[in-house]
Amino acid sequence: MTYHIPALVFLVPFVTAIGLPLIALRDERRCRPAALAALSVMAVLSLMNLGSVLSQGEIRYAFSGWAPPVGIEWVADEIASIMVVAATLLALVSVLYSSPFPIQTLQGRSVPYYSILLLLVSGLSGVIYAGDLFNIFVFLEIVALSAYSLVAVPGGRALVSAFRYLIMGALGASFYLLGVAYFYASTGTLNIADLAQRTPGLLESKAVIGGLIFMFIGLGIKMALMPLHAWLPDAYSDAPDTASPILAALLTKVALLVWVRILFWVIGVGDAEQPAVVFSLVWVMGALASVGGVVLALSQTEIKRIFAYGGIAHVGLVLIGVGQGSHTGLTAGLFYLLNDAVMQCALFLLAGVLVHQYGVRTLDDLKSVNVSSSWVVGAFVVVAVSMIGLPPTGGFFGKWYIVLSAVESRNYFALAAIIITTLLTLAYFARVLERMFRGAPKSPQVPDTPLSFRASVAALAAAIMGLGLWSDRIVSVLLEATRGLGQ
Amino acid sequence: MIHTGHESIVVRRSAALLIPIMQLFGLYVLFFGQYGPGGGFVGGVMLGASLIAGILIFGPDGQPAAAAKKLLKTDGLGLLIFVGVGGLCLIGGGAFLNYSHMQLPGLDGPTRRYVGIILTQIGVAADIAVAAVSIVFSLYAASSDEVSNG
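Rules behind the numbers
Residues numbered from 1 in each chain as written. Chains lettered and ligands numbered in written order. Predicted model: local features only at pLDDT ≥ 70, side-chain atom pairs only at ≥ 80, totals over all residues. Helix = DSSP H or I, 4+ residues; strand = E, 2+ residues; numbered from the N terminus. Rg over C-alpha atoms; globule rule 2.2 N^0.38 Å. Buried ≥ 20, exposed ≤ 12 C-beta atoms within 10 Å, placed from the backbone. Contact = placed C-beta atoms within 7 Å. Bend = angle between axes of the 7 residues up to and from the residue. Pairing = 2+ DSSP bridges. Nonpolar A, V, L, I, M, F, W, Y, C, P; charged D, E, K, R; others polar. Core = buried A, V, L, I, M, F, W, Y, C linked by C-beta atoms within 7 Å. Domains from an automatic or database assignment. Axes fitted to C-alpha atoms, helices over the stretch in contact; angles between N-to-C directions. Parallel < 35°, antiparallel > 145°, perpendicular 65-115°, else oblique. pLDDT = per-residue confidence, 0-100. Left-handed = near helix turned anticlockwise from the far one by under 90°.

## Things to note about the overall build of chain A
Along the backbone of chain A there are 19 helices and 2 strands. Its C-alpha atoms give chain A a radius of gyration of 21 Å, near enough to 23 Å, the size a compact globule of 487 residues would have. Taking all 487 residues of chain A together, 57% fall into the buried category. For chain A, restricting intrachain contacts to residue pairs at least 6 apart in sequence, the fraction spanning at least 24 positions comes to 80%.

Printed below as a string of structure tokens:
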């Protein structure tokens, strides 16, 4: 039974997504409960999957009974299972949080909206589980197509952002596919386990190097790596407030995870000398992205855009950790990726609450209102502390391991980049917090924060604290899962 | 784009003759996929194209357009058939879409594979046909400012 859980994790939201027009045939208001039920079942299944993977080892699921490399294979190892749990729970929290938003904002389009949201979540689980490079492409496209249409939901300016995102995203997907074709031409396989045996001897080949570069550019666009990030701030700030938490939490992170997989599971095994160039490229790009991201975040006035640039900087931090090429660096990168997904989700959720409760979109708006809800302010402080990287939050421990890996490999430039990023993150959060705490004393009375807002921000703040307090256990699981990878 | 149908009587009469033949051929290709080139995707495209031809020639008020609008309501039914077959295999204890484990009473192993493949092909064909028609309707809605939920 446990063998089939990875397929079921994907199928539950997928079947609900395509059955939603039938479920909501009579009454549109059934969409949200149906989506919630599907995501809850998915969450339970993904937790069961994690439990069985941790106790009995990884699951390799061969679709339709055809053994790989002929058939399609899904690999549910420890890392994939942890990431799917995170993705599912974050999606569940963001749908739970969306209840006070009036259904009229969707203008009678709630059936397609929730269908696409569920397709996005099932696509995410597909990207994380997929065991070969081509299926990763297919699921990345499912995720991307759903994301384009979710961004475009509000209409108006969002249409332009969504179109820009569509062009950039299609370009990224084409580059990635081109890289996959180069790999297939030179190795004759796309299965990650097979590639791991064949590519290390082929790293001299220009076709493999070219394929690697194409894949890096393609995934770089998808993960919003610094010079290729232009689509992200517009797309995330114009997306509907109900959808932006899940988009911000997971879109760039899955592309990053795919890149980490290629780096360590495909080319990083065996021959230690050759990939050194690739790894230095990765951490240098990461350092540029992290410093550039925070500098741009400092110059923004719109709250959602500040958070979007903060997310771009954090992608860079993960790459710094991964680019050290060491076992510690890989673990640090993966742990920080997990933390960053939760933090980004929390930030955009809080930005949505500020818009919905207080009508605050920019920093100047924040000056003229009094954010009275202790839940919102408390959660905001926890997320800010974690983003800056202070104990006892998850962000601190993630950053700590990245610093550790940089020190281990005596990479002081990377260390400097991390410190600059930390200080500038403190600076842009200080700008937000200063305006939040010096709110106007005589602002109009706002209605009480709805229960679902309070519950969702509290859940995410608790998750951030939990990731910090149990960081040693999570990191030891990750260390065990990545044993033998990296130098 | 398609505010009225085509006016020429020649086009209308020949379309009335040809569209059923196109549909029949689409079905033939769909089922012939068991033995040779063909199958769900191509058959579905042909079925969809026959409906699109009907919409273009008989106009948005014609009978094919009305049938296509009804068909749009079943969007996703094809995928549900596909997933349903996969689910029957899962229930039978095999991997998703492993037809030899499909739980249909009174069938032996080879027949199960045969029936499983033909059912998934029908599902694929239905979905492709609906998708093709829905593309035409959304282009139509974009060209005349009329909003229809395609």
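## Observations concerning the overall build of chain B
Looking only at helices and strands, one finds 5 helices and 0 strands in chain B. When the elements of chain B are put in sequence order from the N terminus, they spell out α-α-α-α-α. Projected onto the principal axes, the alpha-carbon positions of chain B cover approximately 55 × 30 × 20 Å. By residue count, 37% of the 150 residues in chain B fall in the buried class. Across chain B, contacts joining residues at least 24 apart in sequence account for 58% of those joining residues at least 6 apart.

## Some words on helix H1 (residues 5-23) of chain A
The sharpest bend along H1(A) reaches about 35° and sits at A:Ala17, with the proline A:Pro21 one to four residues further on. Burial of H1(A) is extensive: 14 of the 19 residues sit out of reach of the surface.

## Some remarks on the environment of B:Leu90
Summarising the element assignment, B:Leu90 is placed in helix H4 (residues 77-91). You can call B:Leu90 buried: it has 21 C-beta atoms within 10 Å. For B:Leu90 and B:Ala129, which are 39 residues apart along the polypeptide, the C-alpha to C-alpha distance reads 27 Å. If we skip the residues at most four places from it in the chain, B:Leu90 touches A:His4 and B:Phe96.

## Quick word on the pairing of strand S1 (residues 59-62) of chain A
Residues and elements named next belong to chain A. Burial along S1 is one-sided: Ile-59 and Tyr-61 are buried, while Arg-60 and Ala-62, pointing the other way, are not. Here S1 runs beside strand S2 (residues 73-76); their pairing, made up of 4 bridges, is antiparallel. What sits directly across from Ile-59, in S2, is Ala-76.

## Here's the deal with the interface of chain B and chain A
At the junction of the two partners, chain B supplies 11 residues and chain A supplies 12 residues. Classifying every residue of the side of chain B that touches chain A gives 7 nonpolar, 3 polar and 1 charged.

## Description of unusual backbone geometry
Residues and elements named next belong to chain A. Cis rather than trans, the peptide bond between Pro-391 and Pro-392 has omega equal to 5°. Of note in the backbone geometry, Ala-224 takes a positive phi value of approximately 55° without being a glycine. Along the chain, Ala-224 turns up in the loop between helix H8 (206-222) and helix H9 (231-238). Phi is positive for Arg-410, which is not a glycine, with a value near 50°.

## Points about the environment of A:Ser99
All names here are of chain A. Its place among the elements puts Ser-99 in the loop between helix H3 (78-97) and helix H4 (110-129). Judged by local crowding, Ser-99 falls into the partly exposed class, with 17 C-beta atoms found within 10 Å. Sequence spacing of Ser-99 and Ile-320 is 221 residues, and the spatial spacing of their C-alpha atoms is 38 Å.

## Comments concerning the environment of A:Gly333
All names here are of chain A. Counting through the fold element by element, Gly-333 comes out in helix H13 (residues 327-358). Given 31 C-beta atoms within 10 Å, Gly-333 falls into the buried group. Taking the C-alpha atoms as reference points, Gly-333 and Val-322, 11 residues apart in sequence, are found 5.2 Å from one another.

## Thoughts on the nonpolar core
Soluble globular proteins tend to pack their nonpolar side chains together in the buried interior. All names here are of chain A. Of all hydrophobic cores here, the largest spans 222 residues; its most connected members are Leu-90, Cys-345, Ala-346, Leu-350, Val-383 and Leu-460. Considering every element that reaches this core, the biggest residue donor is H13, with 20 residues. Inspection of this core shows a minimum of three residues originating in each of domain 1 (1-109) and domain 2 (130-481). Among all residues touching Leu-90, those that are not within four sequence positions of it are Ile-246, Ala-249, Leu-250, Ala-341, Val-342 and Cys-345.

## Examining the domain arrangement of chain A
Residue and element names in this part refer to chain A. For chain A, the assigned domains are domain 1 (1-109) and domain 2 (130-481). Just the C-alpha atoms count here: the centres of domain 1 and domain 2 sit 22 Å apart. Every contact between the two is made by 23 residues of domain 1 and, on the other side, 30 residues of domain 2. At the level of secondary structure, the elements contributing two or more residues to the side of domain 1 that touches domain 2 comprise S2 and H3. It is H3 that provides the largest number of residues to the side of domain 1 that touches domain 2, a total of 12 residues. Here the side of domain 1 that touches domain 2 is composed, by residue class, of 17 nonpolar, 3 polar and 3 charged.

## A closer look at the packing of helix H5 (residues 133-151) of chain A against helix H6 (residues 157-187) of chain A
All names here are of chain A. For the pair H5 and H6, interaxial distance at closest approach is 9 Å and the crossing angle is 175°. Taken together, the axes of H5 and H6 lie roughly antiparallel to each other. Only Ala-158, Ser-161, Ala-162, Tyr-165, Leu-166, Gly-169, Ala-173, Tyr-176, Leu-177, Val-180 and Phe-183 of H6 make contact with H5, whose side of the interface consists of Leu-133, Phe-134, Phe-137, Leu-140, Glu-141, Ala-144, Tyr-148 and Val-151.

## Observations concerning the confidence of the model for chain B
Per-residue confidence for chain B gives a mean pLDDT of 84; residues scoring 70 or more make up 92%. With pLDDT under 50 throughout, residues 146-150 of chain B is counted as low confidence; its partners more than four residues away or in other chains account for 9 contacts.

## Quick notes on the packing of H1(A) against H4(B)
In contact at an axis separation of 9 Å, H1(A) and H4(B) are set at 150° when each is read in the N-to-C sense. When the axes of H1(A) and H4(B) are compared, the pair comes out roughly antiparallel. By crossing handedness, the relation of H1(A) to H4(B) is classed as left-handed. Of the residues in H4(B), those touching H1(A) at A:Leu11, A:Val15, A:Ile18 and A:Gly19 are B:Leu79, B:Leu80 and B:Val83. Grouping the constituent residues of the contact of H1(A) with H4(B) by class yields 6 nonpolar, 1 polar and no charged.

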